[in-house]
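Single-letter residue listing:
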Amino acid sequence: MTAQALPNDLEPFWMPFTANRHFKKAPRLLAEAKDMHYSTPEGRKILDATAGLWCVNAGHGREKIVKAVQAQVAKLDFAPSFNVGHPIAFELAARLTSMVPGYSQVFYTNSGSESVDTALKIALAYQRAIGQGTRTRLIGRERGYHGVGFGGMSVGGMVANRKIWGPSMLNGVDHIRHTHEPEKNAFSKGQPEWGAHLADDLERLVALHDASTIAAVIVEPVAGSTGVLVPPKGYLQRLRQICDKHGILLIFDEVITGFGRLGSSFATEHFGVKPDLFTTAKGISNATIPMGAVFCRKGIYDAFMNGPEGMIEVFHGYTYSAHPVACAAALATLDIYREEGLFERAAELSPYWQEAVHSMKGLPNVIDIRNCGLTAGVELAPRPNAPPTSRGMDAHLKAFEKGVMVRFSGETICMSPPLIISKGQIDQIVDTVTDVIKTIH
Ligand SMILES: Cc1ncc(COP(=O)(O)O)c(C=O)c1O
């Protein structure tokens, strides 16, 4: 471990989604990473139970990706994709669409937030292109997280992420209810048995607004950032049926669930439900270089191809859409997923993971445990008269002291390790979190 220069002034960096003053009094710095571990500047190893931020699915510092990135920077550092192109952007698009039958185009972005805004914009433009221009309303779901752009924030349903910007959000957005019903669903292993009918809440909004005003519904197949909410059995199928009945597009936000997290390539495959569009980011490039992509089912792109041939069909895109270095990182990442069978590995490990995390049932203050694929949420009872993240934050801090990095969302401890994790490392995570929970009063 090389000695790392420590920053002597933490103030200039306004950290995202962080309690800045609290952090800067006692910073938790990560200096290096390899496979399943981070190292602190002092050389302390931290087991990564969160795949960074649900994104480093193949583990850290993968040589194949590093080499691909180095080679690509040297060969073609940047090329725009507006009216010119570069070969590996097309190669990657073909690889991505070949992973999931029924989807024929991808639109490149640089993040989950951009993927969400892109998908919403494609949905609106598509409805207009097929002569359904009155369909301008977007529907999200309570407790949903779709990033921080104005579109994603508006369809999102996490109160803290919305309340400050209330009146500035998109017009005409509404939300169906969330699926979290602890009295019926607590401690479900995998998908809860109860709750498919909660999808019928979409019928309520159709009755209120009329289908002719609704363009699209967006949901996370498994809601991650709100604390791992797993869809009840049959729920997503029912949502699909209601959308079909009313000509509403269904968008899955697969920014977390994409690229093996559930033990399948994508949640659409895992749950056997085909949305019209689905968003990805994070695991697409193992997070090495920022990238995202929106997958479009066959027919969406074609609907835009009817105007004069020399005209730009959709006025949307980012300077860094299909950035060559991100494309190289993504191609190398897809190679690793395939060569090492990491999606299958995640599926094989899921039952072990499930039993391990559910062994925490009965610990003090644990009021629910939820899991799907290699994700889990352990929800703690809120402390009376304390902020609603108080026990969750303590769990994160204490686990970090003990050498394991977990996330917290409200009072839920969230875990989503890289797919290369071993059973021994699963045990280490669960043993550590168990010890931590026992000390949190
Ligand atoms: C489901 C979902 N959508 C969108 C985003 C936003 O992604 P980004 O932070 O890359 O903009 C996230 C991030 O966690 C997410 O979980």
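Every chain begins its residue count from 1, and numbering advances along the sequence as written. In keeping with the predicted nature of the model, local features appear solely for residues at pLDDT of at least 70, side-chain atom pairs appear and are counted solely at 80 or more, and the whole-chain, interface and lining totals rest on all residues. Think of the side-chain values as coming from all heavy atoms in the structure, minus any hydrogens and water.

Here we look at the environment of W14
Each helix is a run of DSSP H or I of at least 4 residues and each strand a run of E of at least 2, with the numbering of both proceeding from the N terminus. Locating W14 in the fold gives a position in the segment before helix 1 (20-25). Contact criterion: two residues are considered in contact whenever any of their non-hydrogen atoms come within 4.5 Å of each other. Those residues within four positions of W14 in sequence are excluded, and the remaining contacts are N20 and K24.

Regarding the sheet that holds strand 10 (residues 292-297)
We call two strands paired when DSSP finds no fewer than two bridges between them. Strand order in the open sheet formed by seven strands is 4-10-9-8-7-5-6, with mixed pairing between adjacent strands. Sheet topology places strand 4 (103-109) and strand 6 (174-176) at the edges, where each strand pairs with a single neighbour. Averaged over all pairs of adjacent strands, the angle between their axes in this sheet comes to 25°, without regard to strand direction. Here strand 5 (residues 137-141) runs beside strand 6; their pairing, made up of three bridges, is parallel. Each bridged residue has a counterpart across the sheet, and for I139 the counterpart in strand 6 is D174. Each of strand 4 and strand 10 touches helix 4 (residues 87-98); the most contacted strand, strand 4, lies at about 130° to it. On the sheet, helix 10 (residues 235-246) packs against strand 5, strand 6, strand 7 (214-219) and strand 8 (249-253) and is oriented at approximately 150° with respect to strand 8. Fitting a line to C-alpha atoms yields each axis, with helices limited to the stretch in contact; the angle taken between N-to-C directions then spans 0 to 180 degrees.

As for the site of the ligand
The environment of the ligand is made up of S111, G112, S113, Y145, H146, G147, E220, S225, D253, V255, I256 and K282. Within the side chain of D253, an N or O atom sits 2.7 Å from a nitrogen atom of the ligand. Side-chain atoms alone can form a polar contact between residues adjacent in sequence; in general such a contact is a pair of N or O atoms within 3.5 Å, and within protein one must be able to donate a hydrogen while the other accepts it. K282 has a polar side-chain atom sitting 3.0 Å from an oxygen atom of the ligand. Contact with the protein chains removes 83% of the 390 Å² of surface that the ligand exposes when unbound. Looking at side-chain class alone, the shell around the ligand contains three nonpolar, six polar and three charged residues. We define proximity as follows: a residue is near a molecule or strand when any one of its heavy atoms falls within 4 Å of that partner. Values of accessible area rely on a 1.4 Å probe in the Shrake-Rupley scheme; residue burial ignores everything except the protein chains shown. Think of it as three bins: nonpolar holds Ala, Val, Leu, Ile, Met, Phe, Trp, Tyr, Cys and Pro, charged holds Asp, Glu, Lys and Arg, and polar takes everything else, Gly as well.

Regarding the sheet that holds strand 11 (residues 366-372)
Strand order in the open sheet formed by four strands is 11-12-15-14, and the pairing between neighbours is antiparallel. Here the strands that pair on one side only, and so sit at the sheet edges, are strand 11 and strand 14 (407-409). Sheet twist, expressed as the mean angle between neighbouring strand axes with direction ignored, is 25°. Of the strand pairs in this sheet, strand 11 and strand 12 (residues 375-380) are connected by six bridges, and their pairing is antiparallel. The partner of V366 across the bridge, within strand 12, is L380. Contacts between helix 13 (residues 342-358) and the sheet are confined to strand 11, strand 12 and strand 15 (412-415), with strand 11 contributing the most and set at about 175° to the helix.

A few points about the domain arrangement of the protein
In this entry, domain limits derive from an automatic or database-based domain assignment. What the domain assignment reports for the protein is domain 1 (20-58 + 341-439) and domain 2 (65-339). A C-alpha centroid distance of 26 Å is found between domain 1 and domain 2. Taken together, the contacts link 36 residues of domain 1 with 36 residues of domain 2. By convention, the term buried area covers the 1.4 Å-probe accessible surface removed from two parts as they join, with the contributions of both added. Between domain 1 and domain 2 the total buried area reaches about 2800 Å² when both faces are included, carbon and sulfur atoms providing 58% of it. Considering only the surface of domain 1 that becomes buried against domain 2, W54, F343 and C372 emerge as the three largest contributors, covering 25% of it. Just to be clear on terms, a salt bridge is a Lys or Arg side-chain nitrogen sitting within 4 Å of an Asp or Glu carboxyl oxygen. The interface formed by domain 1 and domain 2 holds one salt bridge in total. The partner of E355 in a salt bridge is K189, with the nearest N and O atoms 3.0 Å apart. One can count 18 residue pairs in polar contact (both at pLDDT 80 or more) joining domain 1 with domain 2.

Thoughts on unusual backbone geometry
Most peptide bonds take the trans form, and the phi angle of most residues other than glycine is negative. One non-glycine residue with positive phi stands out, namely D210, at about 80°. Relative to the assigned elements, D210 resides in the loop between helix 9 (201-209) and strand 7. Of note, V228 is a non-glycine position whose phi angle comes to about 60°, a positive value. Summarising the element assignment, V228 is placed in the loop between strand 7 and helix 10.

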